[in-house]
Amino acid sequence: MTPPPAAAARLDRAPLPLPEKKSAARKAPARADRPFKGIALILASTIFLGTSDVTAKYLSATLPSIEITWIRFLTFALIMSPAMLPGSPLFALQTRRPGLQLLRGAALLGSSLFFISGLRFLPIAEASATGFVSPLFVTALSIFFLGEKVGLRRWIATAVGLVGVIIILRPGSGAFHPAAFFPIVSALAWACTLIMTRMMSGSEPAVTIMSYSSIAGVCILSGLVPFVWVAPTWHDIMFGIFIGVASTVGQWIVVLAFRYADASVLAPFSYTQLLWVSIFGFLIFGELPDVWTVTGASFIVASGLYTAHRERVRHSQLLAVPAEPSPNA
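Summarised in this report is the structure supplied together with it. Throughout this document, residue positions are counted from 1 along each chain, in the order its sequence is written. Owing to the predicted nature of the model, reporting of local features is limited to residues with pLDDT of at least 70; listing and counting of side-chain atom pairs is limited to 80 or more, with chain, interface and lining totals taken over all residues. The side-chain quantities take in all heavy atoms of the structure and omit both hydrogens and water.

1. Thoughts on the nonpolar core
By size, the foremost hydrophobic cluster in this structure holds 51 residues, and its most contacted members are I68, F73, F76, L119, V165, L169 and L274. Going along the chain from the N terminus, every DSSP run of H or I of four or more residues is numbered as a helix, and every run of E of two or more is numbered as a strand. Examining the composition of this core, we find that seven residues originate from one element, helix 3 (residues 65-80), more than from any other. Residues are treated as being in contact if the distance between any of their heavy atoms lies within 4.5 Å. Setting aside chain neighbours within four positions, we find V165 in contact with T130, V133, I184 and I300. For this analysis, a nonpolar core means a set of buried residues of the types Ala, Val, Leu, Ile, Met, Phe, Trp, Tyr and Cys, connected via side-chain atoms within 4.5 Å. Exposure classes here rest on a 1.4 Å probe applied to the protein chains alone. A residue is buried below 20% of its type maximum, exposed above 50%, and partly exposed in between. If you look at the next biggest cluster of nonpolar residues, it comprises 11 residues, including I39, L41, L49 and F258.

Written out as structure tokens, the structure is:
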């Protein structure tokens, strides 16, 4: 349900400027070179994001995936509500691209919904490791939507990551479960979310993007949830609220982390989310990652780390250019 912070950061790490009419006081803080603070924040974010995923898997035993996701987005919308109230000093619904904002929200919803659906049937470590393949989809999509040029080494890294996915899924074997495709679709939807974020990053502030995402998710899910509704207990409601709070807080911490350090510095630490979900999965569900999951995850992590390295190289090459660096070097 929660995408990898490193993937998000490559497209979201630069402060998102507000329209020129806004006062300087509302602009995002400038970036500062404080890598240890950034590392501490990214490590904290993985705890929030990992516990959100584990809680979603726990809740999937009693509630439909659509209902869990609806509670998550409703909580998300309530957190963002100060930015939706006209007259509020935090009001941030002015946008130049409402259609793209809502489309991004739908993609984010798809990412969450497919991931939670997969958690119902898959070990959480397997689903999470597969979900970390999203940077590979970003590489491919950036060619068509952002006009990026991807070199041979990046394609090799992408291929290595895909090999890791195949090792985890083992299609054709008795261990394969059709639900294994859900985290892959989730990763693709998250990649689309990142691409659209990048398309709006020059003109839309982060709080506006998040507000519209919460609105789109609640509206779409409110039309779907009556068809699968299961009366939740107070126990279920509390866990659902926790999922929304933990995932939202985790993503905000990611945004803060990338104000203090580059993606190439923080990417290795973002993968500690796999460690947390594996530990929680064992303690709560008695699940231990098998050798195939560990091996495949190693391929995916190696591919992601090389992607972060190429981002650093690309960023250093574009330092003289007064624009946001490409997410895919």
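2. A word on empty space enclosed by the protein
Cavity: a set of points on a 1 Å grid over the protein atoms alone where a 1.4 Å probe fits but cannot get out. Pocket: an open set with protein on both sides within 12 Å along at least five of seven lines, its lining residues, like those of a cavity, having an atom within 4 Å of a point. Grid points are joined across faces, edges and corners, and a volume is the space filled by probe spheres set on the points. Overall, the coordinates contain two cavities of 30 Å³ or more when judged by the stated rule. Within this model, the second largest cavity holds a volume of roughly 30 Å³. In terms of lining residues, the second largest cavity is bounded by F132, P135, L136, G161, Y271, I300, S303 and G304. Going through the elements one at a time, helix 6 (134-145) and helix 13 (291-317) are the ones with two or more residues in the lining of the second largest cavity. The element that contributes the greatest number of residues to the lining of the second largest cavity is helix 13, accounting for three residues.

3. With respect to the environment of V245
With respect to the secondary-structure elements, V245 resides in helix 10 (residues 234-257). With residues near it in sequence (within four places) discarded, V245 still touches T75 and I79.

4. Some points on the side chain of S60
By the secondary structure assignment, S60 is in the loop between helix 2 (35-59) and helix 3. You can call S60 buried: its relative accessible area is 4%. Pairs of N or O atoms are called polar contacts if they sit within 3.5 Å, as long as, within protein, a hydrogen donor faces a hydrogen acceptor (for residues adjacent in sequence, only side-chain-to-side-chain pairs). Reaching out from S60, the side chain makes a polar contact with the backbone oxygen of K57 at a distance of 2.5 Å. Not counting residues within four places of it along the chain, the set of residues in contact with S60 comprises I68, L119 and R120.

5. Describing a nonpolar patch on the surface
There is a patch of nonpolar side chains on the surface, built from Y58, L275, I279, F282, L283, I284 and L288 and spanning about 720 Å² of accessible area. When residues in the nonpolar patch are grouped by element, the largest group, five residues, is from helix 12 (residues 272-285). Within the secondary structure, L283 sits in helix 12. For patch building, the residue pool is restricted to those with more than 30% relative accessible area and no salt bridge; the joining distance is 9 Å between like charges and 5 Å between nonpolar side chains (Val, Leu, Ile, Met, Phe, Trp, Tyr). Areas reported as accessible are Shrake-Rupley estimates using a 1.4 Å probe. Residue values count occlusion only from the protein chains shown. Any Lys or Arg side-chain nitrogen found within 4 Å of a carboxyl oxygen on Asp or Glu counts as a salt bridge.

6. Details of the layout of surface pockets
The volume enclosed by the second largest pocket comes to roughly 170 Å³. Lining the second largest pocket we find A125, A129, Y271, L274, L275, S278, P289, T293, V294, A297 and S298. Residue contributions to the lining of the second largest pocket peak at four residues, all from helix 13. Per-class residue counts for the lining of the second largest pocket are eight nonpolar, three polar and no charged. Any residue outside Ala, Val, Leu, Ile, Met, Phe, Trp, Tyr, Cys, Pro, Asp, Glu, Lys and Arg is labelled polar, Gly included; the first ten of those are nonpolar and the last four are charged.

7. A closer look at the side chain of T208
Mapped onto the secondary structure, T208 falls in helix 9 (residues 206-224). Here T208 falls in the buried class, since its relative accessible area comes to 1%. Each residue touching T208, except ones within four places of it in the same chain, is listed here: A92, Q94, T95 and Q101.

8. Points about the packing of aromatic side chains
Each pair of aromatic rings taken from Phe, Tyr and Trp, with Trp reduced to its six-membered ring, is defined by centres within 6.5 Å and is described as stacked if the planes are under 30 degrees apart, edge-to-face if over 60, and tilted in the remaining cases. As enumerated under the stated definition, the model contains six aromatic pairs in all. Aromatic pair Y58 and F239: ring centres 5.3 Å apart, planes at 55 degrees, arrangement tilted. Note that Y58 is positioned in helix 2 and F239 in helix 10, a separation of 181 residues in sequence. With a relative accessible area of 28%, F239 lands in the partly exposed category. For the pair W276 and F280, a centre-to-centre distance of 6.0 Å together with 25 degrees between the ring planes defines the contact as stacked. Of this pair, W276 and F280 both sit in helix 12, four residues apart, which is roughly one turn of the helix. For F280, a relative accessible area of 18% translates into the label buried. Of note, K57 hangs over the ring of F285, and the distance from its end group to the ring centre comes to 5.4 Å. Positioned above the aromatic ring of F73, the side-chain terminus of R72 is 4.9 Å from the ring centre. Counted as over-ring charges are cases with an Arg CZ or a Lys NZ within 6 Å of the ring centre that also lie within 35 degrees of the ring normal.

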